Amino acid sequence: MSLENTQKNRLAIGGRIDRSRALSFTFNGKRYSGFLGDTLASALLANGVDVVGRSFKYSRPRGIMTAGAEEPNAIVQLGHGAATIPNLRATQVALYDGLEARSVNGWPNVNFDLTRIFSLFGRLMPPGFYYKTFMGPKKLWMFYEHFIRKGAGLGRAPTVRDPDIYDRINQHCDVLVVGAGPAGLAAALAAARTGARVIIADEQEEFGGSLLASDVNIDGKAAAHWLAVTLAELAKFETVTMLPRSTVFGYYDHNFLTIAERCSDHIALTNDKAARQRIHRVRAREVVLACGAIERPLVFAACDVPGVMLAGAVSTYINRYAVTPGKGLILFTNNDRAYETALHWHASGRQVVAVVDSRHNPQGDLVQKAAAKGVKVLTGHAVIEVLGGKRVKGAMVAPLSADGSKLTGQAKALQCDTIASSGGWNPVVHLSSHTGAKPIWDEEIIGFRPGKSTQAERSVGAAAGTYDTASCLAEGDASGVQAAINCGHSAVATSYNVTGETAAGPAQALFLLPHGKPTSRAPYQFVDYQLDVTAAGIELAAREGYTSVEHVKRYTAMGFGTDQGKLGNINGMAILARKLNQTIAETGTTIFRPSYTPTTFGTIAGRDVGELFDSARFTAVQHWHEQAGAKFEDVGQWKRPWYFPKTGEDMDDAVGRECLAVRNHVGILDASTLGKIDIQGPDAAEFLNRVYTNAYLKLAPGKCRYGVMLGEDGMIFDDGVTACLGENHYLMFTTTGGAAGVLNWLEIWHQTEWPELKVYFTSVTDHWTTATVTGPNARKVIAKVCSDIDLDGDAFKFMDWRDGTVSGVKARVFRISFTGELSYEVNVPAHYGRHVWEKLIEAGAEFGITPYGTETMHVLRAEKGFIIVGQDTDGSVTPYDMNMAWVVSSKKSFSFLGKRSLDRSDCTRTMRKQLVGLKTMDPLDVLPEGAQIVNERNAPIPAAMQGHVTSSYYSACLERSIALAVVKGGLDRLGEQVFCPLADGRVIAAEIVSSVFYDPSGARQNV
Amino acid sequence: MLKIHCPYCDEQREEEEFSYSGEAHISRPLDPGALSDADWADYLFFRKNTRGWHHEMWQHSAGCRRYFNVTRHTVTYEIFESYPMGTTPKALPKGDAR
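Residues numbered from 1 in each chain as written. Chains lettered and ligands numbered in written order. Predicted model: local features only at pLDDT ≥ 70, side-chain atom pairs only at ≥ 80, totals over all residues. Heavy atoms only, no water.

### Some points on the overall build of chain B
Of regular secondary structure, chain B possesses one helix and six strands. Ordered by position from the N terminus, the helices and strands of chain B form the series β-β-β-α-β-β-β. Over its C-alpha atoms, taken along the principal directions, chain B stretches across nearly 40 × 35 × 20 Å. Taken across its 98 residues, chain B has 38% of its residues classed as buried. Total accessible area computed for chain B in this model is approximately 5500 Å², and 50% of it derives from carbon and sulfur atoms. Across chain B, the 12 positively charged side chains and the 15 negatively charged ones have centroids separated by 3 Å. (Helix = DSSP H or I, 4+ residues; strand = E, 2+ residues; numbered from the N terminus. Buried < 20%, exposed > 50% of the residue type's maximum accessible area, 1.4 Å probe, protein only. Areas by Shrake-Rupley, 256 points an atom, 1.4 Å probe, with all protein chains shown as cover. Lys, Arg positive; Asp, Glu negative; His and termini not counted. Charge placed at Lys NZ, Arg CZ, Asp CG, Glu CD.)

### Side note on the interface of chain A and chain B
Across the contact, 31 residues belong to chain A and 29 residues belong to chain B. Across the chain A to chain B interface the summed buried area is about 2500 Å²; carbon plus sulfur atoms make up 46%. On inspection of chain A and its partner chain B, the count reaches four salt bridges. Joining chain A to chain B, the criterion identifies 21 residue pairs in polar contact (both at pLDDT 80 or more). At the level of elements, strand E15 (277-289) and helix H22 (739-752) of chain A are the ones that each hand at least two residues to the side of chain A that touches chain B. No other element matches H22 of chain A, which puts seven residues into the side of chain A that touches chain B. Tallied by class, the residues present in the side of chain A that touches chain B amount to nine nonpolar, 11 polar and 11 charged. (Contact = heavy atoms within 4.5 Å. Buried area = accessible area lost by both parts, 1.4 Å probe. Salt bridge = Lys/Arg side-chain N within 4 Å of Asp/Glu carboxyl O. Polar contact = N/O pair within 3.5 Å; in protein donor to acceptor, adjacent residues only side chain to side chain. Nonpolar A, V, L, I, M, F, W, Y, C, P; charged D, E, K, R; others polar.)

### What to know about the sheet that holds strand E34 (residues 667-670) of chain A
Where strands meet in a sheet, backbone hydrogen bonds hold them as pairs that are either parallel or antiparallel. All names here are of chain A. Read from one edge to the other, the open sheet built from six strands follows the order E41-E42-E43-E40-E34-E44, with strand pairing classed as mixed. Edge positions in the open sheet fall to strand E41 (801-806) and strand E44 (850-851), since each of these has one partner strand only. As judged from the six bridges shared by E41 and strand E42 (residues 809-814), these two strands associate in the antiparallel manner. Within E42, the position partnered with Trp801 by the bridge is Phe814. (Pairing = 2+ DSSP bridges.)

### Structural notes on unusual backbone geometry
All names here are of chain A. A cis amide bond links Pro594 to the next residue, Ser595, at an omega of 0 degrees. Position of Ser595 among the secondary structure elements: in the loop between helix H17 (584-587) and helix H18 (601-605). The omega angle of the peptide bond from Ile941 to Pro942 is 0 degrees, so this bond is cis rather than trans. Look at Asn28: it is not a glycine, yet its phi comes out positive at around 50 degrees. Tracing the backbone through its elements, the reader meets Asn28 in the loop between strand E1 (18-27) and strand E2 (30-36). With phi around 65 degrees, Met911 is a residue other than glycine that occupies positive phi space. Within the secondary structure, Met911 is located in the loop between helix H26 (905-908) and strand E45 (913-920).

### Description of the packing of aromatic side chains
Residues and elements named next belong to chain A. Taken as a whole and judged by the stated rule, the model has 30 aromatic pairs over all chains. When the centroid spacing of 6.2 Å and the interplanar angle of 65 degrees are considered together, the rings of Tyr58 and Phe526 count as edge-to-face. Of the two residues, Tyr58 sits in the loop between strand E3 (53-54) and strand E4 (61-62) while Phe526 sits in strand E30 (residues 526-528), which places them 468 residues apart along the sequence. When sorted by exposure, Tyr58 lands in the same class as Phe526, which is buried. (Phe/Tyr/Trp six-rings, centres within 6.5 Å; stacked < 30°, edge-to-face > 60°.)

### Things to note about the pattern of salt bridges
Residues and elements named next belong to chain A. Counted by the stated rule, this structure contains 52 salt bridges over all chains. Across the pair Arg834 and Glu838 runs a salt bridge, and its minimum N-O distance is 2.7 Å. Remark: Glu838 and Arg834 occur in helix H24 (residues 833-844); sequence separation between them is four residues, near one turn of the helix. On the basis of relative accessible area, Arg834 is assigned to the partly exposed category, the value being 26%. You can call Glu838 partly exposed: its relative accessible area is 31%. With its nearest N and O atoms 3.1 Å apart, the salt bridge here joins Arg986 to Asp984. A relative accessible area of 43% means that Arg986 is categorised as partly exposed. For Asp984, a relative accessible area of 52% puts it in the exposed group.

### Remarks on the packing of helix H10 (residues 339-347) of chain A against helix H11 (residues 365-372) of chain A
Residues and elements named next belong to chain A. Contact pair H10 / H11: the axes reach a minimum separation of 9 Å and the direction vectors enclose 25 degrees. Relative to H11, the element H10 is oriented roughly parallel. You can see that H10 and H11 cross each other, and the crossing is left-handed. Note on element contacts: H11 touches H10 through Leu366, Val367, Lys369 and Ala370, opposite Tyr339, Glu340 and Leu343. Of the residues belonging to the contact of H10 with H11, the class tally is five nonpolar, no polar and two charged. (Axes fitted to C-alpha atoms, helices over the stretch in contact; angles between N-to-C directions. Parallel < 35°, antiparallel > 145°, perpendicular 65-115°, else oblique. Left-handed = near helix turned anticlockwise from the far one by under 90°.)

### A word on the packing of helix H23 (residues 778-785) of chain A against H24 of chain A
Residue and element names in this part refer to chain A. Interaxial distance between H23 and H24 falls to 9 Å at its minimum, and their mutual angle equals 120 degrees. Looking at the two axes, H23 sits oblique to H24. Handedness of the crossing formed by H23 with H24: right-handed. Note on element contacts: H24 touches H23 through Lys839, Leu840, Glu842, Ala843 and Gly844, opposite Val781, Ile782, Lys784 and Val785. The residue inventory of the contact of H23 with H24, partitioned by class, reads five nonpolar, one polar and three charged.

Dropping the structure here:
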């Protein structure tokens, strides 16, 4: 089968396609051919494919409507498997050999749609469907959801890892030009000639915009010639970056814009050589928005039948792709410019059935030109209804009153297979709107223009409502000159001489066409094609009392599709305005937000995926832990050993063994991740005294003190030990997760409130390796590797620290304990960490030294009732709630941070939740952390919550479960029984006990 | 994304380098114990929530790590000035930023 045969709508000559490069592709499983230079949409039209999708709600057959980003119907999924991409517009997909596409909706397929046959959908989903359903009984949504998901999905996300890579590049430039049509190119050229750094981006496959199919002459030569010369000149500047296939999809604060560049999507689905897409994050000093305009369709009954297209799109397909998408055309317009489409169609050798013009007396040059070619022009008429189902078969055409509000005679049927519709043009105000500028309605251009923004940007050309080439070039040049001048360059203006342009006569403001029946009873008059919003739906919303355009949008779902209402929103607003008897200016627009077109997650994520997603932090002993078979857990960015299972052990076995080893012999923990802040300065003690609840002024060198920090609201914020290293020199330990936050906390108070205090903070967390040797045999272990510290219990007491040498390495040894056992925390410079760790293991071997992880650490500290900030506290507990009144000094003269709040009535009331222990009646029951606590076993629901379990473990040492909990008034309720109803239906009884389960006197750590 | 001038580094840098730190010019009462619950709550919880020019603290957290003040418009996000801790802001531009 020859290529010509499959491409029945391809013209013999013309277009910008490369006929020597035939490409084969499939759509919905069927094979077709096209040419290099085609888009998927132009190739489908060339092959005469009418139905490309099904509508969301009514499941109506839909065809290609546009030639650009505004396409609502031809939404496709490319490829399959890992690299598949959903929700692309066929109009923006460059054709490549082997391309595989399918419609994203339609069940079981687009040509035979079951939901349509059931005729189930539409009637079940009136405007406000979602609102009414969500506000209604829950079961209703469950019922509908099944059908909605099945019938009208919008593509399928890939289920496996994306095989491609994506790049990110940060860029700076003087002038960013968005859009490479005549205005954008003139702007870029003017700016580039001044030496300014310029980036020009365009979403299409090639630069040129309207010049790619223009009949005008610029400076005496064809537009295409000027385009080629201009592109060649721009390419010569080293200061100019030209980005085709690049969509500027977001415009953010302070002239920060994001561009998604499709690097290889025009070659193949996936790219094994380089990045598939690249995001440019551009900080521009000046921005020129030359992003063009989108044609507005007219709204009439059944205006969604395949074969109804935008007039400009029809011209684009004929001129750029040599595709005339039908045999007989009716052009329906309210303006002059659309007449060009009739002329193009006529020139392609196919029949123009008629031009239907809503205006009674159009006089423009193009009107004359069409008449001169023998094209039949029906003035003062309107297409009011389309005939046909899967393809246009004809149009009902009726005479229209001069103001367009009513029909003045009988409708008659005209046969055709294509209807080109033009209701005027909407400047692309989206990017301007991203800046917060409110679009302004302009009666003259019958459209919204970009509003005034606070950023250094300007809109030119069609984006500003200027549609003739001469003015576009002039505006573009002027904007480029001004932008360059604003960047400190000196620039001169260029003037362009444009000939062959046809002047356009006045257009008519016309949006919704009347029908023989009232809007509510007429066949669907579609406004938003993607979400099946009709004129009747918008009028219904108005009747139901919605007057704000933002509310109507949400009630009808107009503009909620992936096309964000690029095609239909302005029509919808006009229809609403008329229904509310107000002007369009009074009605206003909804707000456009990024992204301009959908952007794939891969592009946004860039290289920040997999192991590069977040940094991982390891201690110096990491490899030893790995070799010892440790299981790891994440603590912030740190990887910490969780437990060290021996062969055949599960987690419970390993943790039980580790716990008993510490209690009976000796254990060793890598505590290097604890935050460490070095604090120096003559006012260091005064500063510590202000941020801690307890006194620090008298902490002597060689001594350590446990402290709690509160927020100004009186709630526990972090805890840890601070040691006095020498005069005016301290080392503060923080929780592993809290380290960065604590440093910020110290800095902000120092810098903003007490800058007069002479004190300095340095994070030294990573400088040290900390090995905690703990258990009854700890002293014996340390004694073997350290000879220059007197380890005698009276000489080196609990809460002392000493400088010394451990295994030949200068060390600081702290007698602080998180296990309740005799403990030495050995700190050595991180470079020697592994060495010292191994020496400690070696020295401890004869005493049964056992490495343990965070889980054992948690169990041991829970046995002692030591809290973990962030687990047993949640930002709503005071030291008193934690039964730690002893840590709050009442004697300090300075009102330490949080002190005043402890006197607030809410902090002093009774029945605050307080930290207690829980012992389950069955010692083998381990309560789940987070379990809620109630007073009665069979309390009627909703039962009054008394608190919740914060920590819960099985204690091998005590041979029973233990739990910490916060319970209302708990400290006065010791001995009472409470109940934990669990998700699985069980109710577990527990007794409130002291939060210290083991060695309440603290004798074991004080030896 | 904002472009912020750090008055200590004297450079325009990307917002990614900075952390927001709330309303500026809220002084900690010198004698908290002397305050009524209501006055203390006012210091502790209540902020202006300004629509318009707003003095706020930022920290150059991925830079010099110092805190400074910024006068920013909460509607347009324009930044009028940044200035070091302990200094007073300039008189605000008249009217709305737009």
